[in-house]
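# Structure at a glance
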Amino acid sequence: MIRNYFKLTIRNLWKNKTASVINIFGLSIGLTSCLLIGIYIQHELNYDKFQLKGDRVARVIMEYKFDGGSDFKKGDFTSVRVAPVFKQTFPEIESAVRMSDSYQVVQYQDKLLSEKAFMYADPTFFSIFSFKLFQGDPATVLNAPNKVILTESTAKRYFGSENPVGKALKVGADTNLYAVTGVMQDCPSNSQIKFDFLASFSSLHTEDQEKTYWDANYTTYLLLKDKDALNSLQAKITPFMQKEMKGQGATVNFFLEPFTKVHLYSPYEGFEPNNNIRYIYILEAVALLILIIGCFTYINLSTARSVERAREVGVRKVIGAGKMQLFWQFIGESAIICFISTAISLVAAVALLPEFNQLTEKQLTVGSIFSAQFIVGLLVIIGSVSLLAGCYPAFILSNFQPVKVLKGSFKNTNAGQWVRKSLIVFQFSISVLLIVSTFIMQKQLGYIQSKNLGYSRDRVLVLPMDRTMLGNIQVIKQEFKSDNNVQSVSACVSTPVQIVGGYNMRSSVMPENQQIAVTANPIDEDFVKTTGLKIIAGNDLTQQDIKDVSNNDRVQNTYHFIINESAAKELGWTPESAIGQKMFLDASRPGFVKAVVKDFNFESLHNPIKPLVLFPEIRGRQLLLKLSAGNIPQTISFLRSKWKQLVPQRPFEYRFMDDDFNRLYNSELRLGTVLNIFAAVAIALACLGLFGLSAYAAKQRVKEIGIRKVLGARINDIVATLSADFIRLVFVSIIISVPVAWWLMNKWLQGFAYRISITGWIFVVAGITVLLIAFLTVSIQTIKAAMANPVKSLRNE
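Described in the following lines is the structure provided in the data block. Along each chain, residue indices are assigned from 1 in the same order as the chain's sequence is written. Confidence filtering applies because this is a predicted model: local features only for residues at pLDDT of at least 70, side-chain atom pairs given and counted only at 80 or more, and all residues used for totals across whole chains, interfaces and linings. The basis for every side-chain value is the complete set of heavy atoms in the structure, and neither hydrogens nor water enter the calculation.

### Regarding the overall build of the chain
Numbering of helices and strands runs from the N terminus, with a helix taken as a DSSP run of H or I at least four residues long and a strand as a DSSP run of E at least two residues long. Per the secondary structure count, the chain includes 26 helices and 22 strands. C-alpha atoms of the chain, sized along the principal axes, occupy 105 × 60 × 55 Å. Exposure classes here rest on a 1.4 Å probe applied to the protein chains alone. A residue is buried below 20% of its type maximum, exposed above 50%, and partly exposed in between. A total of 797 residues make up the chain; the buried ones form 53% of that total. Taking as baseline every contact in the chain between residues at least 6 positions apart, the subset at least 24 positions apart corresponds to 80%. Only carbon and sulfur atoms are counted for the fraction: they give 57% of the accessible area of the chain, which is about 35600 Å². The charge count treats Lys and Arg as positive and Asp and Glu as negative. His and the chain ends do not count. Taken as the charge centre is NZ of Lys, CZ of Arg, CG of Asp or CD of Glu, depending on the residue. With 84 positive and 63 negative side-chain charges, the chain shows a separation of 14 Å between the mean positions of the two kinds. Residues count as neighbours in contact if any of their non-hydrogen atoms are within 4.5 Å of one another. With residues, only the protein chains shown are counted as cover, and all accessible areas are computed by Shrake-Rupley using a 1.4 Å probe.

So this is what it looks like as structure tokens:
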């Protein structure tokens, strides 16, 4: 019997090639989209699941506010004091590890490379995290200064097939010799802790910082004895810190984040950018809806073809076929179509995986598709789709009454039309929802790109630098400016795209124990000119201002500060009255306000503008070069040659400030691109179903069309008549989806401090776009039917 069903299915598929191609193609697209999104979601949800003790690990978050300040500052930074003090004080803590990441220049023989994935960690690292060590003793590989572990791929990059253990690498500006003490596995792609080099934390020589909770430039992880102890430990930390900070003029507290929740739930990025669980939910919904649209296309075409298959069902029932036999035959047809579609989608997913990796900036592998977990999920989807797509058509077809069918009266019934109309409305509602969401998201991203941020990032080249360059910085700047295409050069710690330095400030009239938390950035005299900041009161810094702070004892220096409007307001000044006012940046930097700059966005547009201080101090980490709009490749070539002469100890590497800016919105940019693609897929699938339905509708109305033409109807009248029903359904879907899209995107926009307003034209454009696409899709069949010879139509009917 099964063999018979299989033969009948193949015969029907071959007989109805157009419907078969539409069904298989539609389900294949839906399943391919589901597979690719599913691999990505699986990768993100499995972040750090390989960590055997991950459910007992917590990341420490610092929160602080100075007396007199109004807002708390919060982030994943801590001082080196937290780990040893907490370990000694709280019995719930089994172990702790301090970590820090940095860029380092590494040299071995003739290899000189700038390494961006260089980390430092305490010796307890391997007792907390489950990274496999191929060579070396976990207890001793990081137990002394100037020890370093390499990942397997890094070891091959530097040493080839040689054993690296015992060899020495020159690291950093001082070219300290680090002994290679171990080789470990490459960090998995779904780990929030990724590095190529892991050096001993004692190499940083932070002993003098262990007496304070300030100097918070490190990340601390705690390993708890019991995974359920996090809340009870948190309850102890707050009163403990109140005692620790009593009488110090500031409030400092620490909060614990479950390690396994950081990647998707934390607002504080760690060693790599976080994702957002909301975006995972969005992608899950998009995948599911695209699959449902593909299934609904199958249901619509199957029920629309019921007239053609009615006689087959009638004959089979007359000769003894039971209702359940017919039902399972049609379910079997659905399953075979689904299996064919699955096979095609697997091939398509494997072929598209490299491009999808590029889109998502992940390292998803083909092995993920064929993992046991994924195969089980795929089988569940196949079974669900087979039943979802096959049940209703099978139920309709198996319930035909043979007497009515064989008499020919079935053709005049309207059975199933309301279901098909509902499915069309649903399909296009989803399509409109995705299109509107895409329009709004792209408009917000366009707003971010075009918004006047208060600084210029166009043609600003960023060159990483180190402290060995500081003594020669003026010579380097002059040599670079000898090229006419280099307009200005500035040394600074942070670019204006993202300034993160945490400081405190107070005016001379404020008590010493009152401080205001502020973000600050050390700069030189050319920073304002190079970045295009607008001074609204006072004057820019000069070289003399830099010389005035050259004393190693900062208290003996006189600083000239540039503050933004928000800082002036926080201190109780107008921009004009701020000039010349005495103020203090931390207790160690006394000085006067020399200029006030217009507020600019020195953080992501998710955050409002906060107080900022720019102060003269040459300890830059970045060299900024403002270039002319001329021949940029030629200018970069000139800079490369100069760099080799002036800074031979560092490889030449550069990026543009625009790249830094775009990196702030990686998640939104990726989501926007993904929605663009899958909105197009959704509308294509919906139109595919509409194309098939319009073809069958035209076929069923051949006699009516012939009579209309004989009576003098024009082609455009017939096209309008045949298209009207479908266009009405699409219009209903627009009315349904618009308020849902408005609500969803309004919620998404709330995450931005600076955002667009949702205007009506977005919905109008989206609606007109969908109506035009739907009309063009239907017109292909209706025009063909309208242009047919009525004589042939009426004779055949």
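From this point, the narrative continues.
### Describing the side chain of Thr 495
Tracing the backbone shows Thr 495 in the loop between β13 (486-492) and β14 (502-507). Relative accessible area serves as the criterion here: at 6%, Thr 495 is assigned to the buried category.

### Thoughts on the packing of aromatic side chains
Note on aromatic contacts: the rings of Phe and Tyr and the six-membered ring of Trp form a pair at centre separations within 6.5 Å, being stacked when their planes are under 30 degrees apart, edge-to-face when over 60 apart, and tilted otherwise. Considering all chains together, one arrives at 32 aromatic pairs under this definition. Judged by centre distance (5.4 Å) and plane angle (55°), the rings of Phe 118 and Tyr 120 are tilted. Note on accessibility: Phe 118 and Tyr 120 belong to one class, buried. Here Phe 125 and Phe 126 contribute two aromatic rings whose centre-to-centre distance is 5.1 Å and whose plane-to-plane angle is 85°, an arrangement assigned as edge-to-face. A single burial state applies to Phe 125 and to Phe 126, both of which are buried. Every member of this aromatic cluster is reached through a ring pair, and the members are Phe 50, Phe 125, Phe 126, Phe 129, Phe 131, Phe 195, Tyr 221 and Phe 259. One residue, Lys 65, lies across the ring of Phe 72, its end atom 5.5 Å from the ring centre. We call a charge positioned above a ring when the Lys NZ or Arg CZ atom is no farther than 6 Å from the ring centre and deviates by at most 35 degrees from the ring normal. The positively charged end of Lys 261 is found above the aromatic ring belonging to Tyr 265, 4.7 Å away from the centroid.

### As for the packing of helix α15 (residues 473-481) against helix α20 (residues 632-646)
Between α15 and α20, the shortest axis-to-axis distance is 10 Å and the interhelical angle comes to 150°. It follows from the interaxial angle that α15 and α20 lie roughly antiparallel. Both α15 and α20 take part in a crossing whose hand is right-handed. Facing α15, whose interface residues are Ile 476, Glu 479 and Phe 480, α20 presents Phe 638, Leu 639, Lys 642, Trp 643 and Leu 646. Residues were grouped as follows: Ala, Val, Leu, Ile, Met, Phe, Trp, Tyr, Cys and Pro as nonpolar; Asp, Glu, Lys and Arg as charged; and all remaining residues, including Gly, as polar. Of the residues contributing to the contact of α15 with α20, the split by class is six nonpolar, no polar and two charged. All axes here are fitted lines through C-alpha atoms, helices being fitted over the stretch that makes contact, and every angle between N-to-C directions spans 0 to 180 degrees. Convention used here: angles under 35 degrees read as roughly parallel, angles over 145 as roughly antiparallel, angles from 65 to 115 as roughly perpendicular, and any remaining angle as oblique. Throughout, a crossing is termed right-handed when the near helix is turned clockwise from the far one, and left-handed when it is turned anticlockwise from it by less than a right angle.

### A closer look at a nonpolar patch on the surface
What makes a patch is a set of residues exposed beyond 30% relative accessible area and free of salt bridges, joined within 9 Å when like-charged and within 5 Å when nonpolar (Val, Leu, Ile, Met, Phe, Trp, Tyr). Should a side-chain nitrogen of Lys or Arg be within 4 Å of a carboxyl oxygen of Asp or Glu, the pair is scored as a salt bridge. A cluster of nonpolar side chains, namely Val 740, Trp 742, Trp 743 and Leu 744, defines an oily patch on the protein surface of about 400 Å² accessible area. The exposure class assigned to Leu 744 is partly exposed, which follows from its relative accessible area of 36%.

### Describing the nonpolar core
Joining through side-chain atoms within 4.5 Å is the link that ties buried Ala, Val, Leu, Ile, Met, Phe, Trp, Tyr and Cys residues into a set, and such a set is a nonpolar core. Counting 111 residues, the largest nonpolar core has Phe 428, Val 436, Ile 440, Tyr 455, Leu 533 and Phe 600 as its most contacted members. The greatest single-element share of this core, amounting to 15 residues, is contributed by helix α22 (residues 666-700). Tyr 64, Val 85, Phe 86 and Leu 233 belong to the second-largest nonpolar core, a separate cluster that totals 27 residues.

### Topic: the environment of Leu 639
For Leu 639, the location among the structural elements is in helix α20. For the pair Leu 639 and Phe 480, spaced 159 residues apart in sequence, the C-alpha separation works out to 6.6 Å.

### With respect to the pairing of strand β12 (residues 460-464)
The element β12 is largely enclosed, with a buried count of five among its five residues. Every second residue of β12 is oriented toward a common face, with Val 460, Val 462 and Pro 464 on one face and Leu 461 and Leu 463 on the other, all of them buried. We treat two strands as partners when DSSP finds at least two bridges between them. With five bridges joining them, β12 and strand β21 (residues 622-627) adopt antiparallel strand pairing. Along β21, the bridge assignment pairs Pro 464 with Gln 622. As defined by bridge partners, β12 adjoins strand β22 (residues 655-656) across two bridges and the pair is classed as antiparallel.

### Remarks on the side chain of Arg 650
With respect to the helices, strands and loops of the structure, Arg 650 is situated in the loop between α20 and β22. Residue classification places Arg 650 among the buried positions, given a relative accessible area of 8%. Those residues in contact with Arg 650 that sit more than four places away from it in its chain are Val 105, Leu 112, Ser 114, Pro 464, Met 465, Asp 466, Met 469 and Trp 643.

### Observations regarding the environment of Leu 52
Looking at the element boundaries, Leu 52 is found in the loop between α2 (17-45) and β1 (57-66). Taking C-alpha positions, Leu 52 is 55 Å from Asp 540, a pair spaced 488 residues apart along the chain.

### Remarks on the environment of Leu 541
With respect to the helices and strands, the residue Leu 541 is situated in the loop between β16 (535-538) and α17 (543-547). With relative accessibility at 6%, the residue Leu 541 sits in the buried group. In sequence terms Leu 541 and Phe 615 are 74 residues apart; their C-alpha atoms lie 9.1 Å from each other. Those residues in contact with Leu 541, other than ones at most four positions away along the chain, are Ile 523, Asp 524, Glu 525, His 560, Ile 562, Lys 594 and Pro 616.

### What to know about helix α5 (residues 152-159)
The set of residues buried in α5 consists of Thr 154, Ala 155, Tyr 158 and Phe 159. An end-on view of α5 places all buried positions within 105° of arc, on one side of the element. Here the buried face of α5 lies against β3 (93-108), β4 (111-121), β6 (147-151), β7 (168-171), β8 (176-184) and β9 (197-200). Just past α5, the residue Gly 160 takes up positive phi, approximately 60°. Here the arc refers to the directions that run from the helix axis out to each C-beta atom.

### Focus: the packing of helix α3 (residues 82-89) against helix α6 (residues 230-244)
Where α3 contacts α6, the two axes come as close as 12 Å, and the packing angle between them is 115°. As judged from the angle between their axes, α3 and α6 are roughly perpendicular. For the element pair α3 and α6, the recorded crossing hand is right-handed. Touching Val 85, Phe 86 and Thr 89 of α3 are Ile 237, Phe 240 and Met 241, all from α6.

### Some details on α2
With 29 residues, α2 extends 41 Å from end C-alpha to end C-alpha; this agrees with the ideal 42 Å at 1.5 Å per step. Of all 29 residues in α2, 22 are buried, a share of seventy percent or more. Take the residue count of a helix, subtract one, and multiply by 1.5 Å to get its expected span.

### Comments concerning unusual backbone geometry
Located in the positive-phi region is His 205, a residue other than glycine, with phi close to 50°. Assignment of secondary structure puts His 205 in the loop between β9 and β10 (219-224). For Arg 459, which is not a glycine, the phi torsion comes out positive at approximately 55°. Residue position: Arg 459 is located in the loop between α14 (417-450) and β12.

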